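As a plain string of letters, each chain reads:
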Amino acid sequence: MRRPKLKKASKRVSCSKRYKIQKKVREHARKLRKEAKKKGVSKRVKKDPGVPSSAPFKEEVLREAEQRRLQIEEEKERKKQAKKEERAQKRKKEREATSQETEPKAKKARQDEAGKKSGKQSAPDKNSKQYICSELNKVIDASDVVIEVLDARDPLGCRCPQLEEAVLQREGNKKLILVLSKIDLVPKENVEKWIQCLQLEFPVVAFKASTQIKDKTVQARKSRIVASNEVLDRSRAAACFGNSPLTELLSSYAAKTEKEAPLRVGVVGFPNVGKSSLINSMKGILACNAGIKRGITKSMQEVHILKNVKLIDTPGIIASPLNPPASMALRSLQVEEGQESVLEAVRTLLKQCDHSQIMLQYNVPDFRNSVEFLTMFAKKRGYLQKGAVPNTEQAATAFLADWTGPKTSYHCKPPENHSLPAYISDAIVAEMQNGWDLKILKTGNEETLKGVKFPSQASSIGFTSKGQTAGLLSASDISEDKSGAEAAEMEPQQNDENNESEQTAEEANGAEAPEKPKKASLKKKPGHVQFRSVPVDISLSAATTDDAYDFNTDFK
């Protein structure tokens, strides 16, 4: 059965209703005109008649009118900008007033004194190498004990001989401790060997920091939730090992010194070895900013751990540019300074590793070079550009972040024949180990090694260490390294110039002298195949030969 067609509702109204609506509209319009007439507002805009064509100097009049219009617009824009700046100044004054009210009086007095002493001197650049070196020297001078944090994946490469020598030569009988951080990324056997090797020089503490330290307010809120639900976070990332042995060691040493002032402990090391994470784990809250990116800690910062112990956070040691490329690439030092690209750093790191272990770790097939590896790695992670082109730059950045951060597991073998460095003697070793409770240290390290979950030897990448990394501790060292780096850069340029001059001299001699006979090596020998290089001219003319297909011609 066919469905009947539905009719639309009609819009027709009765005549009386339509006339009534029209009357109301006329009355409303009359009322609006009456009110506008009282106010003197005319709704109609008079049309500009313009300049008639017959008027003399019409072009000059139009030009003057245009200039006047532009002047009015500029004046409006100027007034608008002035109002905006006035509002910004007002907001700035209000913020300063509120901050001054909240700041303590002692801090205001210190700022006033610093401003009077400095006068018109500008604030120091906290990213400059001179400023970082001065902060590091301040920490060494102010500390009673210096903790050098070493990445357990490459402890020898994280040691700075200049720093250790400076600590040993300073006055005040300063002590030096080595802390092996990130031990959960290294096989257990490797950690035990490194502890035995490093204990021959200084006291060594095995440490695994917590990577889930929150802010104080967040932790207080979370503790209330935990208390109500009786649920504790026992995940691998939240657990911290080596905290109690190190705290007991420092507190016992502080009690032996019998000083009224608290024991000041400076935490030093290269970037991304875990200095700020160690302080946060010992404090239990987010006292210092920590991250994978280098240079988050700009200046020294004091954190109270106990009543008689105070830790001092420091910026990372500046590595000398004369170090081996692998040592610099492992910590992304030259990459962040813009001296080296991420692709070159990845190429340098892959040369120090076994390709089969890299393939198993990142689940990629066999590769011939770093570009092929980054291409496959980018496809694996989904780092693609427009048109599904692998983004090797992003893949290289992610690869370096895995190696510098607490993610990739790799390990270096300790030296088989241990020998003391030139700046350390047997007397210094005995002095450095004197005063510490070594029993607490030994039992604490054993408990830490029992509690931490270590990766297997097969799942960890073997890495070839390049030895200790030289660092810069003063402005004079920076200037010397700059001159040395410039000289190293000039050497290849001079060699190239010498080669070019030799080639030109040979060409000049060849033009005057007769042609020399060919070398005997090119003569045919029985039983040998001789290959001779043929010059190939790759030019535009060669590309456009008769054999080339012409797309403009229709071949039928």
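Conventions adopted
Residues numbered from 1 in each chain as written. Predicted model: local features only at pLDDT ≥ 70, side-chain atom pairs only at ≥ 80, totals over all residues. Heavy atoms only, no water. Helix = DSSP H or I, 4+ residues; strand = E, 2+ residues; numbered from the N terminus. Buried < 20%, exposed > 50% of the residue type's maximum accessible area, 1.4 Å probe, protein only. Contact = heavy atoms within 4.5 Å. Areas by Shrake-Rupley, 256 points an atom, 1.4 Å probe, with all protein chains shown as cover. Salt bridge = Lys/Arg side-chain N within 4 Å of Asp/Glu carboxyl O. Expected span 1.5 Å × (residues − 1). Phe/Tyr/Trp six-rings, centres within 6.5 Å; stacked < 30°, edge-to-face > 60°. Pairing = 2+ DSSP bridges. Axes fitted to C-alpha atoms, helices over the stretch in contact; angles between N-to-C directions. Core = buried A, V, L, I, M, F, W, Y, C linked by side-chain atoms within 4.5 Å. Polar contact = N/O pair within 3.5 Å; in protein donor to acceptor, adjacent residues only side chain to side chain. Parallel < 35°, antiparallel > 145°, perpendicular 65-115°, else oblique.

Caption draft 1: Structural view of the overall build of the protein chain. The helix and strand inventory of the protein chain stands at 20 helices and 10 strands. For the protein chain, buried positions account for 32% of its 556 residues. Considering only residue pairs separated by 6 or more positions, the protein chain has 75% of its internal contacts joining residues 24 or more positions apart. Of the accessible surface of the protein chain, which amounts to about 38200 Å², a share of 52% is contributed by carbon and sulfur atoms.

Caption draft 2: Examining the pattern of salt bridges more closely. Overall, the coordinates contain 13 salt bridges when judged by the stated rule. Residues Glu-135 and Lys-138 are paired through a salt bridge, measuring 3.3 Å at the closest nitrogen-oxygen approach. Of this pair, Glu-135 and Lys-138 both sit in helix H4 (residues 129–142), 3 residues apart, which is roughly one turn of the helix. The exposure class of Glu-135 is buried, given its relative accessible area of 4%. By relative accessible area, which is 45% here, Lys-138 ends up partly exposed. With a shortest N-O distance of 3.0 Å, Arg-368 and Glu-372 are connected by a salt bridge. When salt bridges that share partners are traced, they join Glu-66, Arg-69 and Glu-73 into one network.

Caption draft 3: Representation of the environment of Lys-380 within the structure. With respect to the element layout, Lys-380 can be found in helix H15 (residues 370–381). Taking the C-alpha atoms as reference, Lys-380 lies 8.4 Å from Asn-363; in sequence the two are 17 residues apart. For Lys-380, the residues in contact, after removing those within four places along its chain, are Tyr-362 and Asn-363.

Caption draft 4: Structural view of helix H1 (residues 15–39). Taking 1.5 Å of rise per residue, the 25 residues of H1 would be expected to cover 36 Å, and the 37 Å separating its terminal C-alpha atoms lies within 8% of that figure. Directly beyond the C-terminal end of H1, a positive phi value near 80° is found at Gly-40.

Caption draft 5: Molecular detail of unusual backbone geometry. The backbone of Asn-363 sits at a positive phi, close to 55°, despite the residue not being glycine. A relative accessible area of 53% means that Asn-363 is categorised as exposed.

Caption draft 6: Region of the structure containing the packing of aromatic side chains. Evaluated as defined, the whole model comprises 12 aromatic pairs. Note on Tyr-362 and Phe-373: the rings are 5.9 Å apart at their centroids and 80° apart in plane angle, and the pair reads as edge-to-face. With Tyr-362 in helix H14 (residues 355–362) and Phe-373 in helix H15, this residue pair connects regions lying 11 residues apart in the sequence. In terms of burial, Tyr-362 and Phe-373 fall into one category: buried. An aromatic cluster is built from Tyr-362, Phe-367, Phe-373, Phe-377, Phe-399, Trp-403, Tyr-410 and Phe-463, whose rings are joined through pairwise contacts.

Caption draft 7: Region of interest: the sheet that holds strand S2 (residues 175–181). With mixed pairing, 6 strands are arranged side by side in an open sheet as S3-S2-S1-S4-S6-S5. Each of the sheet's edge strands pairs with one partner strand only, and the pair in question is strand S3 (204–206) and strand S5 (301–306). Here the average twist between neighbouring strands, direction ignored, is 25°. Looking at chain direction, strand S1 (residues 145–151) and strand S4 (residues 263–268) are connected through 4 bridges and run parallel. Looking at S4, one finds that Val-145 is bridged to Val-265. Sitting on the sheet, helix H7 (residues 188–198) is in contact with S1, S2 and S3, with an inclination near 170° to S2.

Caption draft 8: Fine view of the nonpolar core. Among the nonpolar cores identified, the biggest contains 64 residues, and Leu-180 and Leu-250 are the most heavily contacted of them. Contacts of Leu-180, omitting those with residues within four sequence positions, involve Leu-150, Ala-152, Pro-155, Trp-194, Ile-195, Leu-198, Val-204, Val-205, Ala-206 and Phe-207. Judged by nonpolar contacts, the second largest core, of 28 residues, contains Leu-330, Val-346, Phe-373 and Trp-403.

Caption draft 9: Looking closely at the pairing of S5. Pairing of S5 with strand S6 (residues 309–313), which is carried by 5 bridges, proceeds in the antiparallel orientation. Opposite Val-303, over in S6, you have Leu-311 as the bridge partner. The hairpin formed by S5 and S6 contains 2 residues between the paired strands.

Caption draft 10: Highlighting helix H16 (residues 392–404). For H16, built from 13 residues, the straight-helix expectation of 18 Å at 1.5 Å per residue is met to within 8% by its first-to-last C-alpha distance of 18 Å. Of all the residues in H16, the buried ones are Ala-395, Ala-396, Ala-398, Phe-399, Leu-400, Asp-402, Trp-403 and Thr-404. N-cap assignment for H16: the residue whose side-chain oxygen lies 3.4 Å from the backbone N of Glu-393 is Asn-391.

Caption draft 11: How the structure looks around the environment of Thr-392. Mapped onto the fold, Thr-392 is located in helix H16. Residue contacts for Thr-392: discarding those within four places in its chain leaves Leu-343, Leu-374 and Thr-375.

Caption draft 12: The arrangement of the packing of H15 against H16 in detail. The N-to-C vectors of H15 and H16 enclose an angle of 85°; their axes lie 9 Å apart at closest approach. Here H15 is positioned roughly perpendicular relative to H16, judged by the angle of their axes. Of the residues in H16, those touching H15 at Phe-373, Leu-374, Thr-375, Phe-377, Ala-378 and Arg-381 are Thr-392, Ala-395, Ala-396, Ala-398, Phe-399 and Asp-402.

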